[in-house]
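Chains, contacts and geometry: an overview
So you can see what is in the structure, the chains are spelled out below.
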Amino acid sequence: MIRSSTDGARGPRPRYRTRLALVIGAVGMLATAGAIALPNTASAASTLGASAAERGGRYFGTAVAANKLNDSAYTTILNREFNQVTPENEMKIDATEPQRGQFSYGNADRIVQHARSRGMQVRGHTLAWHSQQPGWMQSLSGSTLRQAMLNHVTQVATHFRGQVTWWDVVNEAYADGSSGARRDSNLQRTGNDWIEAAFRAADAADPNAQLCYNDYNIDNWNDAKTQAVYRMVQDFKQRGVPIDCVGLQSHFTGGSNYPSNYRTTLSSFAALGVDVHITELDIRNAPADAYRNVTNDCLAVARCKGITVWGIRDSDSWRSGESPLLFNGSGQKKPAYDAVLTALNNGNPGGNPTTPPPGGGCTTSTTAGTVWGDRYNTSVTVSGASNWTVVVAVTAPQSISTTWSGSASLSSNNTVLTMRSNGSGNTFGFTTMMNGNSSARPQVRSCTAG
Ligand code: 9MR
């Protein structure tokens, strides 16, 4: 967690280690023979991630399973559509600490590498949870369990320090039903302060990560569980427990439905001074109107930073029988996909006409520039901030060769450009080498103010 002078939350920061001094000025290239000038028009974004990034620097992400990264139909959609990733199971306690004190990060590292090398932000899921505990942890109790849990939080958050933008520090700690009580679990029985202890340990291990509480069935503002989580977050903010965000899983499957007061829930949590995230969205039979409503509700709340769907194709879903996702089993876009993309493209960029998104907001418009046989130019104009950081990704084998009018960092394969304002105005540009792919065009992944 990072404290700022206003509200304690800062927007995500890219952390590419490779910083290249790039040639300033592609002016010479403009004189190259055979150049074609493209019309100077910005168009509606054609992918979920690019459109979300234009809506106040939001993200549109998906849960990812490491064992599907070899499935090219899967990765084609992942790489094209999404600018955020949550490992579906690979960062859970049973995956990362299968034996006490022995940590295992292979599959999680694969997902993180896949995401970050393409400019996608990563949500870590999850550090402390009553479920998916390895056998050794299930058998512990009392202060031994508390210490083991805190050590787990510390070790895992330290391993991924600088790579994970948000952590689901604690997952699903409240009971369903009308009690408003904590869920009974071995962790809860170590003492009611186990949640804040986990947040403090995560904060110490990765001070720059945004720390979230994540749960399901906290979507309906009138539910006792929602109210109980709200009171916990209010209490944490009042007492200075380091919490930055609340994740609403929003599984509208298995009998749960999208509630008409969902926007009230989002804005009420946000009014406590935390960001809100829709972290595991899926909706039974994927009705276009419910997906549209969720998207519009997020866009209407400035602190709603983004939406993650819980899988790509229906066949990837934990509830595949309900066909709850945006792509069918063949990877084709469903009507819900079109509803979400249209809602994003029609959305108010700042999310709120009067309040800029705290710690986040700027918007971009991308203009196609000159195209040559082997390369092409792109310019990006930023609005809503004079100091900004924009992340743009091109699709390999394409690579970025030259940039201008900003301070540039490139990922090691030159596919992800992090451009910071350098006082030379709000439009920057870059040249992309086609390297055999003449059709792909760059996608803005995020725009962050400050
Ligand atoms: O999608 C996950 C599935 O593959 C696992 O078998 C399951 C085991 O608990 O967890 C699923 O993900 C859950 C997430 O971690 C927390 N919220 C509920 C999700 C769906 O069960």
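Residues numbered from 1 in each chain as written. Predicted model: local features only at pLDDT ≥ 70, side-chain atom pairs only at ≥ 80, totals over all residues. Heavy atoms only, no water.

What counts here: UniProt positions are given in the numbering used here, feature names are shortened, and annotations may be inferred rather than shown by experiment.
In the annotation of an unreviewed UniProt entry, the entry for the protein reads Beta-xylanase, and the organism field reads Plantactinospora mayteni. The annotation that UniProt attaches to the protein under Sequence similarities (unreviewed entry) is "Belongs to the glycosyl hydrolase 10 (cellulase F) family." Entered under Catalytic activity (unreviewed entry) in the UniProt record, the comment concerning the protein runs "Endohydrolysis of (1->4)-beta-D-xylosidic linkages in xylans."

1. Digging into the site of the ligand
The test is simple: Consider each residue's heavy atoms; a residue with any of them within 4 Å of a molecule or strand counts as near. Counted as a polar contact is a pair of N or O atoms within 3.5 Å, where, for protein atoms, one must be capable of donating a hydrogen and the other of accepting one, and residues adjacent in sequence contribute only when both atoms are in side chains. Residue-level accessible areas treat just the shown protein chains as cover; the underlying method is Shrake-Rupley with a 1.4 Å probe. Three residue categories are used. Nonpolar comprises Ala, Val, Leu, Ile, Met, Phe, Trp, Tyr, Cys and Pro, charged comprises Asp, Glu, Lys and Arg, and polar comprises the others, including Gly.
Around the ligand, 13 residues are found, and the nearest of them are Glu-88, Lys-92, His-125, Glu-280 and Trp-310. Within the side chain of Lys-92, an N or O atom sits 2.6 Å from an oxygen atom of the ligand. Within the complex, 74% of the 460 Å² of free accessible area of the ligand lies under protein. Partitioned by chemical class, the residues of the shell around the ligand number three nonpolar, six polar and four charged.

2. A word on the environment of Trp-372
The condition is simple: Each helix is a run of DSSP H or I of at least 4 residues and each strand a run of E of at least 2, with the numbering of both proceeding from the N terminus. Burial status follows relative accessibility: with a 1.4 Å probe on protein chains alone, a residue under 20% of its type maximum counts as buried, one over 50% as exposed, and anything between as partly exposed.
By secondary structure assignment, the location of Trp-372 is in the loop between β10 (363-371) and β11 (375-383). Trp-372 sits in the buried class, given a relative accessible area of 5%. Residues Trp-372 and Met-434 lie 62 residues apart in sequence; the distance between their C-alpha atoms is 9.5 Å.

3. Let's talk about the state of the cysteines
Note the cut-off: Cysteine sulfurs are considered disulfide-paired once they come within 2.5 Å of each other.
Applying the stated rule across the entire model yields two disulfides. Between the sulfur atoms of Cys-212 and its disulfide partner Cys-245 the distance amounts to 2.0 Å. Since a negative S-S torsion denotes a left-handed disulfide, the Cys-212-Cys-245 link at about -85° is left-handed. Here Cys-212 is found in strand β5 (residues 210-215), whereas its partner Cys-245 is found in strand β6 (residues 245-248), with 33 residues between them in sequence. Of the two residues, Cys-212 and Cys-245, neither departs from the other in class, the shared state being buried. Covalent S-S linkage joins Cys-298 and Cys-304, the inter-sulfur distance amounting to 2.1 Å. The disulfide joining Cys-298 to Cys-304 has a torsion of about -100° about its S-S bond and is therefore left-handed. Cys-304 carries the same exposure label as Cys-298, and that label is buried.

4. Side note on the nonpolar core
What counts is decided by this rule: Only buried residues count toward a nonpolar core. Its members are Ala, Val, Leu, Ile, Met, Phe, Trp, Tyr and Cys residues joined through side-chain atoms within 4.5 Å. A contact between two residues is defined here by any heavy atoms of the two lying within 4.5 Å.
Ranked by internal contacts, the top residues of the largest apolar core, which has 94 residues, are Phe-60, Trp-167, Val-170, Phe-199, Tyr-291 and Leu-326. Ranked by residues supplied to this core, first place goes to helix α8 (residues 194-205) with eight residues. With near-sequence residues (within four places) excluded, Phe-60 lies in contact with Leu-48, Gly-49, Ala-52, Glu-81, Phe-82, Asn-83, Gln-84, Ile-307, Val-309, Leu-326, Val-340 and Leu-344. One finds Val-394, Leu-417, Phe-428 and Val-444 within the second-largest nonpolar core, a separate group that totals 18 residues.

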